[in-house]
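Each chain, written out:
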Amino acid sequence: MSVQYKRLNSQKQQIRLLQLLPASGPKYARIPRCQLVETSLSEKQHYSALSYAWGKDERNRVIVVDNIPIRIPQNLYDALMTLRPTDDPVTLWVDYICINQKDRREKSWQVELIKDIYGQAKEVLAWLGEGDEKIDQTVDFLDSFGKSAMGCGFHKDAGVADTIWEKLASPSLLKFKGDQAKLAEMLCADLSRDNQEPAYATWFRRVSGLSSAANISKLIDLFRDISGWHSQDTLFPVAGMEELFERGYWERVWVLQEITVSSRTEFLCGSKRIPRARLSAALAAYVAFAKVLMGKQRTNDCANFTEYHQQITQKLFHARPTIMTNARRNYLEGRFPLIELLRLTCFGTVNPHSKAQNLEASDPRDKIFALLGLATDREELERKGVRPDYTKSVQDVYVLATAALLQQGHVSLLSYVQYPKVQGYLPSWVPDWSNPITETLQMARDSRVSSEYQFRVSGDPVQPPEAIVAHGFNLATTSFSLHGNVYDKVGEIGRLPPRTRSNGAPLSDTETLQWLAQWLIENLSLTYRTENGFSKFEQRLQAAARNSVGGTTFTGRSGAVSKLTQPQYDEAAFLLQYGIDNARGKPVESRIQDEARAFLARGDVQDKFKRMDKDALGLVEEMAAKSLGRVPFVTANGHLGLSRDNIQKGDCVTVFKGAQVPYLLRPESNGTYQLISEAHIDGIMDGEICQGMDFARISLV
């Protein structure tokens, strides 16, 4: 049987609320009883909104609604049983029951009200699922530790706290035996020398209302509690945290809006509760400590690592819950246009050593619809037809959203076009937002999180690019055009015999090093397919090193993105020597081998190898990430290139006006093009060819 829904009035913004009744005798001991009540958002009702994951669509538990037994998912049943009162009814809003899920029109306009429904609730109850002894202990720890972390301002902004913790983790300060007041003085002196003390004082006053001089010891106490180098009684329960934060709740895209718009959110796990601010602070402190440990790893300062420290650097479960718990602060600061929300929620990974942060939806349209309530540009998008409408197909929703974003000037989203696409019949320039987007060659210029080195293949445009969208006889045939220049074509494409597919990565250290050495040598061999621009072997090797990582790498303890410099070129030379000495699979060509051995035998090169820390090769780590799903190639004009593995010989290297990176296009017989992939083209990424370049309209279909 099903609930007998009364029709709601959209003009009056009517909604239904669920009254969860107390248990009434043994007959209903395990069967929650409820009543539906129609009301309007304008009536300002007192209710709690439930945020939860539907889970698998198995309606295998029974509840009673308006005296009618209905079946609901197990996870919702567990939440209702936990929330069921002993005395007075509890008033809830629960999407599964309060929206007529079989009425697509009602569902569409009710979804538009989600922001107001959760925003007007007296509280949002975020149900994480049932607990057990380990999870209960984990939630208790996070609640207690989160309270201490809030005292240091972690719930507002980690700020420069990670800088202070990085200093505390240095070998000299780990050995420090003096009193804490003396240590605080030393840290203040260090920060003053680094010109960071004023910034720290401002940060601490902003997040805690206290001065840095009086309260720096709080950060010292917190660090010593969880460092594993001091007390052993208050360490992060890493295994329990991993189990808690890898639950399906954190993967659900609707959750982001539900817990963000509410001024009060509490997370429930079994009988345990923890406020959002405490959970956010605990997570932020965990992430700050993980960054400290990863920084020590990058500089090979990890001789004193224990199994605890290794666990933290390997258990990368914090991306999704960090996004969720920090979102309200960004939302209140107006940082959430739709393009930012998509970047935040759509990135996955093909790297077996990394965790995805993409959020999922059972209905692919919700990858857009679930974000619109948070989008600061929602009204502009609505004028372009982007609004919840479940009568539209997935393809129509994605085309409308992408067209609107391109018209805003976000050319960078063309880098999110990746294959294969799960959703069929999408124009080539429209990303499949339902499919996790893997790492692009560079974070977009207009992203607030990118303040590091930026590509600028088309120079520094004064105005954003002008995108023109031409609608066909249906949305699936919509074309899009930008000013661009077809500069070059793909020539020979590199081959990688050790791998059956480009995103298949061996996981043992020895196999990985051999594979990456071959990756570098394949890039190097492509420089011999052209006579352009290389007068010395060293130039070839440097070009191969740049191309093997897409032109940038992470450097220093902070992991900042930067162009390659001499230390990375030295690492490439060391990897080349390893590859030649341990050659497997495709033999190294004799000319390459002879020139390489002559270069590697030089005294200055060998001296660098002797001084090199062989256990901290950052370039190797970056090669492993950038090579997955990609292949190297050389262009007709002799440039080394790197792109996705779906490219073909003859694809056109194209520079779009206003774009950071070039793109590969495949010409159609009617003069239009298919968008294939973003690309790195060595020698043109900083605008070297854009002076005097002629741009003409290029249409993508």
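(A) Looking closely at the overall build of the chain. A tally of helices and strands in the chain yields 25 helices and 19 strands. Here the chain holds 701 residues, and 56% of them are scored as buried. Pairs at least 24 residues apart make up 72% of the contacts formed inside the chain by residues separated by at least 6 positions. Approximately 30,000 Å² of the chain is accessible, and the part contributed by carbon and sulfur atoms is 47%.

(B) Region of the structure containing helix H22 (residues 566-581). Its 16 residues place the ends of H22 23 Å apart at the C-alpha level, agreeing with the 22 Å of an ideal helix rising 1.5 Å per residue. Those residues of H22 not exposed but buried are Gln568, Tyr569, Asp570, Glu571, Ala572, Ala573, Phe574, Leu575, Leu576, Gly579 and Ile580.

(C) Quick look at the environment of Phe317. Relative to the elements of secondary structure, Phe317 occurs in the loop between helix H14 (307-314) and helix H15 (319-332). Taking relative accessible area as the criterion, Phe317 reaches 4% and is therefore assigned buried. Apart from the residues lying within four places of it in its own chain, the contact partners of Phe317 are Val238, Met241, Glu242, Phe245, Glu246 and Tyr286.

(D) Seen up close, the nonpolar core. Counting 178 residues, the largest nonpolar core has Phe154, Trp165 and Phe236 as the members making the most contacts within it. Per-element accounting of this core gives the leading share, twelve residues, to helix H13 (residues 276-298). The next biggest cluster of nonpolar side chains, apart from the first, holds 38 residues, and it includes Leu441, Ile521, Leu575 and Ala596.

(E) How the structure looks around the sheet that holds strand E2 (residues 33-40). Taken in spatial order, the nine strands of this open sheet run E5-E4-E2-E1-E6-E3-E7-E8-E9, and their pairing is mixed. Only two strands of the sheet have a single neighbouring strand rather than two, namely strand E5 (68-72) and strand E9 (272-275). On average, each strand axis in the sheet is tilted by 35° relative to the strand beside it, whichever way the strands run. In this structure, strand E4 (residues 61-65) lies alongside E5, joined through five bridges in antiparallel fashion. Residue pairing in the sheet places Val62 in a bridge with Arg71 of E5.

(F) Structural view of the side chain of His309. Considering the arrangement of structural elements, one finds His309 in helix H14. Using a relative accessible area of 0% as the deciding quantity, one classes His309 as buried. Of note is the side chain of His309, whose polar atom sits 3.0 Å from the backbone nitrogen of Thr306. In this structure His309 touches Ser227, Gly228, Trp229, Phe289, Leu293 and Asn304, once residues within four positions along its chain are discounted.

(G) Representation of the pairing of E5 in the model. The alternating pattern of E5 places Ile68, Ile70 and Ile72 on a buried face, while none of Pro69 and Arg71, on the opposite face, is buried. Where E4 folds back onto E5 in an antiparallel hairpin, the turn is made up of two residues, including Asp66, whose phi is positive at roughly 50°.

(H) Main features of unusual backbone geometry. The omega angle of the peptide bond from Tyr419 to Pro420 is 0°, so this bond is cis rather than trans. By the secondary structure assignment, Pro420 is in the loop between helix H19 (394-407) and strand E10 (468-470). In this structure, Asp66 takes a positive phi of about 50° despite not being glycine. Structurally, Asp66 is set in the loop between E4 and E5. The backbone of Asn67 sits at a positive phi, close to 70°, despite the residue not being glycine. Take Asn67: its relative accessible area is 69%, and that puts it in the exposed class.

(I) Quick peek at the pattern of salt bridges. Applying the stated criterion across every chain yields a total of 30 salt bridges. The residue Lys608 makes a salt bridge to Asp570 at a minimum N-O spacing of 3.5 Å. Here Asp570 lies in helix H22 and Lys608 lies in helix H24 (residues 603-611), a separation of 38 residues in the sequence. Overall, the relative accessible area of 26% leaves Lys608 in the partly exposed class. Overlapping salt bridges bring together Glu123, Arg264, Glu266 and Arg273 as one network.

(J) Looking closely at the packing of helix H5 (residues 133-151) against H13. Running from N to C, H5 and H13 cross one another at 80°; their axes reach a closest spacing of 7 Å. By the angle class used here, H5 and H13 are roughly perpendicular. Residues Leu142, Asp143, Phe145, Gly146, Lys147, Ala149 and Met150 of H5 lie in contact with H13, whose contacting residues are Ala277, Arg278, Leu279, Ala281, Ala282 and Ala285. Of the residues assigned to the contact of H5 with H13, the class counts are nine nonpolar, one polar and three charged.

(K) Inspection of the packing of aromatic side chains at higher detail. Summed over all chains, the structure comprises 25 aromatic pairs. Judged by centre distance (6.2 Å) and plane angle (75°), the ring pair of Trp229 and Phe289 falls under edge-to-face. Highlighted residues: Trp229 in the loop between helix H10 (212-226) and helix H11 (238-245) and Phe289 in helix H13, separated in sequence by 60 residues. Each member of the pair Trp229 and Phe289 is classed as buried. Here Phe369 and Tyr390 contribute two aromatic rings whose centre-to-centre distance is 5.1 Å and whose plane-to-plane angle is 80°, an arrangement assigned as edge-to-face.

(L) Local environment of the packing of helix H21 (residues 537-548) against helix H23 (residues 590-600). The interhelical angle for the contact between H21 and H23, taken along N-to-C directions, is 100°, at an axis separation of 10 Å. When the interaxial angle is binned, H21 and H23 end up roughly perpendicular. From H21, Phe537, Glu538, Arg540 and Leu541 reach across to H23, where they touch Arg591, Ile592, Glu595, Ala596 and Phe599. Residue classes in the contact of H21 with H23 are distributed as five nonpolar, no polar and four charged.

(M) Main features of the side chain of Ser40. In this structure, Ser40 sits in strand E2. At 3.0 Å, the side chain of Ser40 and the side chain of Ser42 are in polar contact. What Ser40 contacts, discounting residues up to four positions off in sequence, is Lys12, Gln13 and Gln14.

(N) Summary view of the environment of Ile135. Mapped onto the elements of the fold, Ile135 is located in helix H5. Separated by 106 residues in the primary sequence, Ile135 and Met241 have C-alpha atoms spaced 7.9 Å apart. Non-local contacts of Ile135, meaning those with residues more than four positions away in its chain, are made with Gly240, Glu243, Leu244, Arg247 and Cys269.

(O) Fine view of the state of the cysteines. Taken as a whole, this structure holds zero disulfides when the rule is applied. Cys34 carries a free sulfur, and the closest cysteine sulfur to it, the one in Cys98, is 9.2 Å from it. Note on Cys34: relative accessible area 3%, which makes it buried.

Cut-offs applied
Residues numbered from 1 in each chain as written. Predicted model: local features only at pLDDT ≥ 70, side-chain atom pairs only at ≥ 80, totals over all residues. Heavy atoms only, no water. Helix = DSSP H or I, 4+ residues; strand = E, 2+ residues; numbered from the N terminus. Buried < 20%, exposed > 50% of the residue type's maximum accessible area, 1.4 Å probe, protein only. Contact = heavy atoms within 4.5 Å. Areas by Shrake-Rupley, 256 points an atom, 1.4 Å probe, with all protein chains shown as cover. Expected span 1.5 Å × (residues − 1). Core = buried A, V, L, I, M, F, W, Y, C linked by side-chain atoms within 4.5 Å. Pairing = 2+ DSSP bridges. Axes fitted to C-alpha atoms, helices over the stretch in contact; angles between N-to-C directions. Polar contact = N/O pair within 3.5 Å; in protein donor to acceptor, adjacent residues only side chain to side chain. Salt bridge = Lys/Arg side-chain N within 4 Å of Asp/Glu carboxyl O. Parallel < 35°, antiparallel > 145°, perpendicular 65-115°, else oblique. Nonpolar A, V, L, I, M, F, W, Y, C, P; charged D, E, K, R; others polar. Phe/Tyr/Trp six-rings, centres within 6.5 Å; stacked < 30°, edge-to-face > 60°. Disulfide = S-S within 2.5 Å.

Structural measurements only, silent on function.
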